[in-house]
Each structure stands twice: as structure tokens, then as C-alpha cells.
There are 2 protein chains.
Amino acid sequence: MKKIHNTQILSWQQHYRTNLINALSGFKPVALVGTADVMGNTNLAVFNSLMHIGANPPLLGLIFRPDTVERHTLGNITSTGHYTINLVGRSFVRQAHQTSARYPSGTSEFEATGLQAIFEDHFPAPFVKESPVRIGLRLAERLDIQANGTHLIIGEIMLVELDEEVLEEDGHLRLDKADVVCCNGLDSYYLPQFMERLPYAKP
Amino acid sequence: MKKIHNTQILSWQQHYRTNLINALSGFKPVALVGTADVMGNTNLAVFNSLMHIGANPPLLGLIFRPDTVERHTLGNITSTGHYTINLVGRSFVRQAHQTSARYPSGTSEFEATGLQAIFEDHFPAPFVKESPVRIGLRLAERLDIQANGTHLIIGEIMLVELDEEVLEEDGHLRLDKADVVCCNGLDSYYLPQFMERLPYAKP
């Protein structure tokens, strides 16, 4: 085993440190966050910081870093109070990744990547047509993380659209049936293979 | 596509809602969190809420729910200021899952599951010997989430121990080379297959 201390991590060049620390936290979901500004101009950005916060009420969280392309997303969420989260399937991984490019202001990542925006039930943010799991959220809470200036944005799930083939009888989802991917670090994509579902653990 | 509204989600039985909402956020890391109390009694608990918070300083986050077995973990982190995060490999998934059982107070999940505790560099929390990626953290920040009473616990990475075969030249990790698993929902385990690493996206 290779042993690395905090002082070494802080002494590394930024590129190396960013790669290693981003990969350390294991496999992560890949989500496209869809928003619109108050004029209706759409924005789409890929995130790997999606997390479950709670089921009742149904809450999801995302971490936002201030000085990135994500800032349009955060601005739109703040001004409209709504956004969508769309899980990414194998067939559009490259388009999802491409939304992380710094397009000029006024360019929608939907047009730039060819992913299709759809609007449902007058929800004020666009969903991604290609996605097998689409979630519409209403902004619920924003927490500022003092340790590094990032933000945790929590939203309540208002609308879900699911590929029916992934839904199990007890509410569980078999996301592999829709070829949903995961990632590691900033740029590595993986296709999870189902191993097993384990029973509730008892002593 | 099946469409589900917020009011339906709130009307479901708890078991169904918990299954579906936990699965909605996609694939998640599987991490064993190791702690000790001030007397040195060890504790080990499986988490699927591990998240990257930032690389400089190197920070990781975990979500804690108050009324679960995780409370021993949170108590130990608060009293000692330290904990470990150990990624889970295919060979010990069942033992990792088993740590979620409600063992009587005074039983260490290390003994109960057969996973081996190791201590490194006088770090005041136990690492998991079987893990190919072990991380020692110092408590940095605690945020209370108003929306549902959960807590985001952020730690700074003080020590990393890595299986050398996963480390790439530029700092990236190929976690699949050590059979690191991911999960979906509360109980489904998956083995990610490497697809591709994509270049930094440009317009």
C-alpha cells in the first residue's frame, strides 16, 4: 500500500491533486442539471455531486463550486427556484460530458450538444428527453460550506419521470436495465454490472 | 415513461417511498466509516453518502441521519475529532453490508463481521485492512440541514493508503483494478466496468 500524508497532498501540483482527491471518494452518479433563466433561455450542466438527503420529504442535494460553468446553473436555480436532475445513460455519456465546456454566454448546452430539452406540466426548467430517470425539483435550502466556499443546494422532488422497465415491485429501481452510468474522478465513466441485492441486516 | 407527482410520493407507504427515493439519485460509493470512542472501543458502519467536497484543502463529506446505528459513529467523530473512510471491494461486500445491523452496545462491528481493524501512525481511528483505499480524516465542519434534521459532516484528509495498482501517472485512480464496488438504493451492489476516460471538454 502506498501511504500519503496531508502535507504531501498540499504540496502536489494542482492537476495531480485534483485528479487524485476527486477519484478518492469512489464511484459517483452522473447527472445532468437542467435550468432556465427568467427569459426561458435553457442551460444544461453535468454534475457528479448528486446525493440523497432524505426520502420523507423527498430531498436531493448537489454541491456547487463558485468559479465554474456551474455558476449559470446556480443563478438560474436561485432566480426561478426550480431545476431538473436527469440521470445519464450509456448512449449519451459523451454529450453529457461535453456540457462541461465553457460555452459563450447565450449558448444553450442543449443546442451545443444535441441533447433534447422537453418541458412537462409547465415545470419552469427543461428535462432531458434522452434520460431514463428525470426529476423535477423545487429549491428547498442552501447551505454555505465555510471550509472551502462551496455550497450545498437541496431541492424537494416535485415530479419524477421514469423508464418503467427499471421500476421493481417494492419501489426499488434496477438502473442497470436502462444502462445508467456512473463515474469516478472528473472524467472516467463506468457501466455498473448488477451483483446482488442484500436483505436488511440483522445481528 | 411513468410520471409521479410529489403528492403521490408523500402518500406512499414508507417502505416503498424509501426504496424508490433512495434509488433515484443513481449509483453511489460504498464506504466503511471506522471510529473509536475515547476508551478505544472500535466501531464500523457502512455509508453510501460519501461525497467529494473539494481538493484544496482535501475535503470529503458524509450525511448522517440521527436515529440510526450511525449515531455511534457520529458520537465517536465528535468526541475524538477523527474517523476513517474505507472503500469497499467485491470480496467483502457482504461483511460491509452486515455492519448496518443493530448490534448491542459494546459489540464492535469489526469482531461481528470479521473485518480487520488496523491502526496506522497513531491515528485515533481504525482503518479496514481489507480495503484497497483507506482514508484518515480530521473533523473540519458540521452543517445541520433544516429541511429534514440530517447533518453534513465534513472532514479534511490527513492520511491516505492506496493499493498502488490503482494509481495512474497523473494522480487519477482506476478503482476497477481493485474491484471497488458501488451501490444503488439501500441494498443493491454493483461492480462498475470501465468504459472510457474523456478529455477536458472544450466548446
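Let's talk about the relation of the copies chain A and chain B
One chain copy maps onto the other through a rotation about an axis and a shift parallel to that axis.
Then, in step 1: Under the fitted operation, chain A is carried onto chain B by 0.0 Å of movement along the axis and a turn of 180°, and the coordinates agree to an RMSD of 0.0 Å. The two molecules are tied by a two-fold rotation axis, judged by turn and shift. Using C-alpha coordinates, one finds that chain A approaches the rotation axis most closely at Pro192(A), a distance of 1.9 Å.
Then, in step 2: Of the interface residues in chain A, 100% have counterparts in chain B that sit at the interface too, so the contact is made through matching surfaces.

Quick notes on the packing of aromatic side chains
Then, in step 1: Inspection of every chain in the model, using the stated rule, returns 10 aromatic pairs over all chains.
Then, in step 2: Aromatic pair Phe194(A) and Tyr190(B): ring centres 5.4 Å apart, planes at 70°, arrangement edge-to-face. In this pair, Phe194(A) is assigned in strand 13 (residues 188–197) and Tyr190(B) in strand 13 (residues 188–197), connecting two distinct chains.
Then, in step 3: Accessibility expressed as a relative area gives 30% for Phe194(A), which makes it partly exposed.
Then, in step 4: Using a relative accessible area of 0% as the deciding quantity, one classes Tyr190(B) as buried.
Then, in step 5: Every member of this aromatic cluster is reached through a ring pair, and the members are Phe27(A), Tyr190(A) and Phe194(B).
Then, in step 6: Positioned over the ring face of Phe194(A) is Arg174(A), at 3.7 Å from the centre of the ring.

Quick notes on the sheet that holds strand 13 of chain B
Then, in step 1: Across the sheet, six strands lie side by side as 2(A)-12(A)-13(A)-13(B)-12(B)-2(B); this open sheet has antiparallel pairing. With partners counted over all chains shown, the strands left at the sheet margins are strand 2 (28–29) of chain A together with strand 2 (28–29) of chain B, one partner each.
Then, in step 2: Pairing of strand 2 of chain A with strand 12 (residues 182–184) of chain A, which is carried by two bridges, proceeds in the antiparallel orientation. Following the sheet pairing, Pro29(A) is matched in strand 12 of chain A by Cys182(A).

A word on helix 2 (residues 14–24) of chain A
Then, in step 1: Within helix 2 of chain A, burial applies to Arg17(A), Asn19(A), Leu20(A), Ile21(A), Asn22(A), Ala23(A) and Leu24(A).
Then, in step 2: Once helix 2 of chain A finishes, Gly26(A) follows within two positions and takes phi at roughly 85°, a positive value.

A word on the environment of Pro203(B)
Then, in step 1: Here Pro203(B) is to be found in the segment after strand 13.
Then, in step 2: The exposure class assigned to Pro203(B) is exposed, which follows from its relative accessible area of 64%.
Then, in step 3: Not counting residues up to four positions away in its chain, the partners in contact with Pro203(B) are Gln98(A), Ala101(A), Arg102(A) and Tyr103(A).

Notes on the interface of chain A and chain B
Then, in step 1: Taken residue by residue, the interface counts 103 residues in chain A and 103 residues in chain B.
Then, in step 2: Interface area, chain A with chain B, both sides summed: about 9200 Å², of which 62% is carbon and sulfur.
Then, in step 3: By the criterion of area lost to chain B, the three top residues of chain A are Met1(A), Leu24(A) and Phe27(A), representing 8% of everything that side buries.
Then, in step 4: Counting across the chain A and chain B interface gives 10 salt bridges.
Then, in step 5: Of the charged contacts in the structure, one is a salt bridge between Glu161(A) and Lys3(B), with a shortest N-O distance of 3.9 Å.

Some words on unusual backbone geometry
Residue and element names in this part refer to chain A.
Then, in step 1: The omega torsion of the bond from Asn56 to Pro57 falls at 0°, within 30 degrees of zero and hence cis.
Then, in step 2: We note that His122 has phi near 60°; this positive angle belongs to a residue other than glycine.
Then, in step 3: With respect to the element layout, His122 can be found in the loop between strand 8 (117–118) and strand 9 (127–128).
Then, in step 4: One non-glycine residue, Asp179, lies in positive phi territory at about 55°.
Then, in step 5: Assignment of secondary structure puts Asp179 in the loop between strand 11 (151–162) and strand 12.
Then, in step 6: Residue class for Asp179 comes out partly exposed when judged on its relative accessible area of 32%.

Focus on the pattern of salt bridges
Residues and elements named next belong to chain B.
Then, in step 1: All told, the structure shown has 20 salt bridges over all chains when counted by the stated rule.
Then, in step 2: One salt bridge in this structure joins Glu161 and Arg134, with 3.1 Å as the shortest N-O distance. Note that Glu161 is positioned in strand 11 (residues 151–162) and Arg134 in strand 10 (residues 133–144), a separation of 27 residues in sequence. Pair check on accessibility: Glu161 and Arg134 agree, each one buried.

Concerning the confidence of the model for chain A
If pLDDT is low for a region, its predicted coordinates should not be looked at in detail.
Then, in step 1: Mean pLDDT over chain A works out to 96, with 98% of the residues at or above the 70 mark.
Then, in step 2: Interface scoring of the predicted complex returns ipTM 0.96; its pTM is 0.97.

As for the nonpolar core
Then, in step 1: With 72 residues, the main nonpolar core has Leu24(A), Ile85(A), Leu24(B) and Ile85(B) as its most contacted residues.
Then, in step 2: Leu24(A) has contacts with Leu87(B), Val133(B), Ile135(B), Ile157(B), Val160(B), Leu162(B) and Leu173(B), leaving out every residue within four places of it along the chain.

What counts and how
- Residues numbered from 1 in each chain as written.
- Chains lettered and ligands numbered in written order.
- Predicted model: local features only at pLDDT ≥ 70, side-chain atom pairs only at ≥ 80, totals over all residues.
- Heavy atoms only, no water.
- Least-squares fit on C-alpha atoms with pLDDT ≥ 70 in both.
- Contact = heavy atoms within 4.5 Å.
- Phe/Tyr/Trp six-rings, centres within 6.5 Å; stacked < 30°, edge-to-face > 60°.
- Helix = DSSP H or I, 4+ residues; strand = E, 2+ residues; numbered from the N terminus.
- Buried < 20%, exposed > 50% of the residue type's maximum accessible area, 1.4 Å probe, protein only.
- Lys NZ or Arg CZ within 6 Å of the ring centre and 35° of its normal.
- Pairing = 2+ DSSP bridges.
- Buried area = accessible area lost by both parts, 1.4 Å probe.
- Salt bridge = Lys/Arg side-chain N within 4 Å of Asp/Glu carboxyl O.
- pLDDT = per-residue confidence, 0-100.
- Core = buried A, V, L, I, M, F, W, Y, C linked by side-chain atoms within 4.5 Å.

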